[in-house]
Amino acid sequence: MSTVISTRGLVKRFDAVTAVDGVDLDVREGELVVLLGLSGSGKSTLLRCLNGLHPVTSGEVVVDDIAVHRARAAQLRRLRTDVGFVFQQFNLIGRLSCLENVLIGALGRVRGPRYGLLSWSAAHKREAMGHLERIGLADQAYQRADTLSGGQQQRVALARTLMQGPRLLLADEPVASLDPENAGTVMDLLLRVCREERLTVVCTLHQVDLALGWAHRLVGLRAGRKVLDRAAHGVTRAEVMDVYRRLEPGSDELAA
Ligand SMILES: Nc1ncnc2c1ncn2[C@@H]1O[C@H](COP(=O)(O)OP(=O)(O)OP(=O)(O)O)[C@@H](O)[C@H]1O
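Residues numbered from 1 in each chain as written. Predicted model: local features only at pLDDT ≥ 70, side-chain atom pairs only at ≥ 80, totals over all residues. Heavy atoms only, no water.

Draft legend 1. Summary view of the overall build of the chain. For the chain, the helix and strand inventory stands at nine helices and 10 strands. Seen through its C-alpha atoms, the chain measures out along the principal axes to roughly 60 × 40 × 35 Å. Looking at the chain residue by residue over its 256 residues, the buried ones come to 49%. In the chain, 67% of the contacts between residues at least 6 apart in sequence involve partners at least 24 apart. Accessible area for the chain stands at about 12100 Å²; split by element, carbon and sulfur atoms hold 49% of it. Taken together, the 33 basic and 29 acidic charged side chains of the chain have centroids lying 6 Å from each other. (Helix = DSSP H or I, 4+ residues; strand = E, 2+ residues; numbered from the N terminus. Buried < 20%, exposed > 50% of the residue type's maximum accessible area, 1.4 Å probe, protein only. Contact = heavy atoms within 4.5 Å. Areas by Shrake-Rupley, 256 points an atom, 1.4 Å probe, with all protein chains shown as cover. Lys, Arg positive; Asp, Glu negative; His and termini not counted. Charge placed at Lys NZ, Arg CZ, Asp CG, Glu CD.)

Structure below.
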């Protein structure tokens, strides 16, 4: 199985704050990797370094054979058509229908602008409807996005990203605003696309039980350092909870 992501000694600093501190990470094609850790441990920053949204301070990031740490703007643009990113904020266009929002995901694959539903081909609309069906929102296809609940909007944002046809999906808390049932539906979907479409997924989660239930691999961060990297199968809840152990002031981990 090919390696889709490889980081070596990845460091990202914001002035005095070291958000990511020397992380080595390899992610193989078709894997669903969950990043865990306390708030502020560096999960979102690490995700953003993977597609060049944050320039790295030092170290290497190779994604899809592109050296992101020294990529030029044109290479980063190409990378971002193959890498889907689901943000914590859904960034939907509220006055457009759900279907139109999902279609926006295909803009990188078509030539020229698109204005309104009529400007899309029947094949694109069928594909977008298919994604809405997968996430259980086909009935809301023609509803304005700003009339949906937060959880529904999050699912439309995921469908829009899948419409992009990415090889790699980076998702920052994709189930943060969902109830447990819908969170399970979205995690099921992510696992299914990994299996059926060889999509590679790296996502951050705050829910340990979801991570244990759905991830292939768990990566834990503490104060920007990788403190856990294990196949999810066989990891105990206690081992995962250790990632959340708070740092004692003056501890070696902080001082190092
Ligand atoms: N743009 C930024 N400018 C300055 N500091 C930042 C920036 N982004 C993140 N940080 C800092 O980097 C550290 C890691 O933040 P990050 O958002 O990556 O953590 P996280 O684990 O994703 O947290 P959460 O679970 O709350 O989303 C924090 O101390 C944060 O304040």
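Draft legend 2. Local environment of the site of the ligand. With respect to spatial proximity, 14 residues lie near the ligand, and among them Ser39, Gly40, Lys43, Ser44 and Thr45 are the closest. One nitrogen or oxygen atom from the side chain of Ser44 is found 2.7 Å from an oxygen atom belonging to the ligand. Relative to its free-state accessible area of 630 Å², the ligand is covered by the protein chains to the extent of 61%. Elements that contribute at least two residues to the shell around the ligand include exactly strand E2 (17-28) and helix H1 (43-50). Sorting elements by how many residues they give to the shell around the ligand places H1 first, with three residues. Here the residues of the shell around the ligand are counted per class, giving four nonpolar, eight polar and two charged. (Near = heavy atom within 4 Å. Polar contact = N/O pair within 3.5 Å; in protein donor to acceptor, adjacent residues only side chain to side chain. Nonpolar A, V, L, I, M, F, W, Y, C, P; charged D, E, K, R; others polar.)

Draft legend 3. Representation of the side chain of Ser97 within the structure. Checked against the element boundaries, Ser97 lands in the loop between strand E6 (83-86) and helix H3 (98-104). In this structure the side chain of Ser97 is engaged in a polar contact, spanning 3.0 Å, whose partner is the side chain of Glu100. In this structure Ser97 touches Ala141, Tyr142, Gln143, Arg144 and Ala145, once residues within four positions along its chain are discounted.

Draft legend 4. Local environment of the sheet that holds strand E1 (residues 3-14). The sheet built from four strands is open, its strands ordered E2-E1-E4-E5 with antiparallel pairing. Either end of the sheet is taken by a strand with one partner, and the two such strands are E2 and strand E5 (66-67). In the sheet, E1 pairs with strand E4 (residues 58-63) via five bridges, with the strands oriented antiparallel. Bridge pairing in E4 places Thr7 opposite Val61. Each of E1, E2 and E4 touches H1; the most contacted strand, E1, lies at about 120° to it. (Pairing = 2+ DSSP bridges. Axes fitted to C-alpha atoms, helices over the stretch in contact; angles between N-to-C directions.)

Draft legend 5. Just the sheet that holds strand E3 (residues 32-36), in detail. Sheet architecture is open: six strands sit in the order E6-E7-E8-E3-E9-E10, paired in mixed fashion. Each edge of the sheet is formed by a strand with only one pairing partner; in this case those strands are E6 and strand E10 (225-231). On average, adjacent strands in this sheet sit at an angle of 15° to one another, irrespective of strand direction. As judged from the four bridges shared by E6 and strand E7 (residues 168-172), these two strands associate in the parallel manner. Pairing of Val83 across the sheet is with Leu168, part of E7. Docked against the sheet, H1 engages E3, E6, E7, strand E8 (200-204) and strand E9 (217-222), running at close to 150° with respect to E7.

Draft legend 6. How the structure looks around the packing of aromatic side chains. Taken as a whole and assessed by the stated rule, the structure comprises one aromatic pair. With a centroid separation of 4.4 Å and an interplanar angle of 25°, the aromatic rings of Phe85 and Phe87 are classed as stacked. Overall, the relative accessible area of 11% leaves Phe85 in the buried class. Since its relative accessible area comes to 23%, Phe87 is described here as partly exposed. (Phe/Tyr/Trp six-rings, centres within 6.5 Å; stacked < 30°, edge-to-face > 60°.)

Draft legend 7. How the structure looks around the pattern of salt bridges. Counted under the stated rule, the structure contains 13 salt bridges. In this structure, Arg28 engages Glu31 in a salt bridge whose closest nitrogen and oxygen atoms are separated by 3.4 Å. For Arg28, a relative accessible area of 36% gives the class partly exposed. Look at Glu31 and you get buried, because its relative accessible area is 8%. Linking Asp242 and Arg245 is a salt bridge whose minimum nitrogen-to-oxygen distance equals 3.0 Å. Assessed through its relative accessible area of 38%, Asp242 is described here as partly exposed. Shared partners join several salt bridges into a network, and the residues in it are Arg28, Glu31, Arg217, Lys226 and Asp229. (Salt bridge = Lys/Arg side-chain N within 4 Å of Asp/Glu carboxyl O.)

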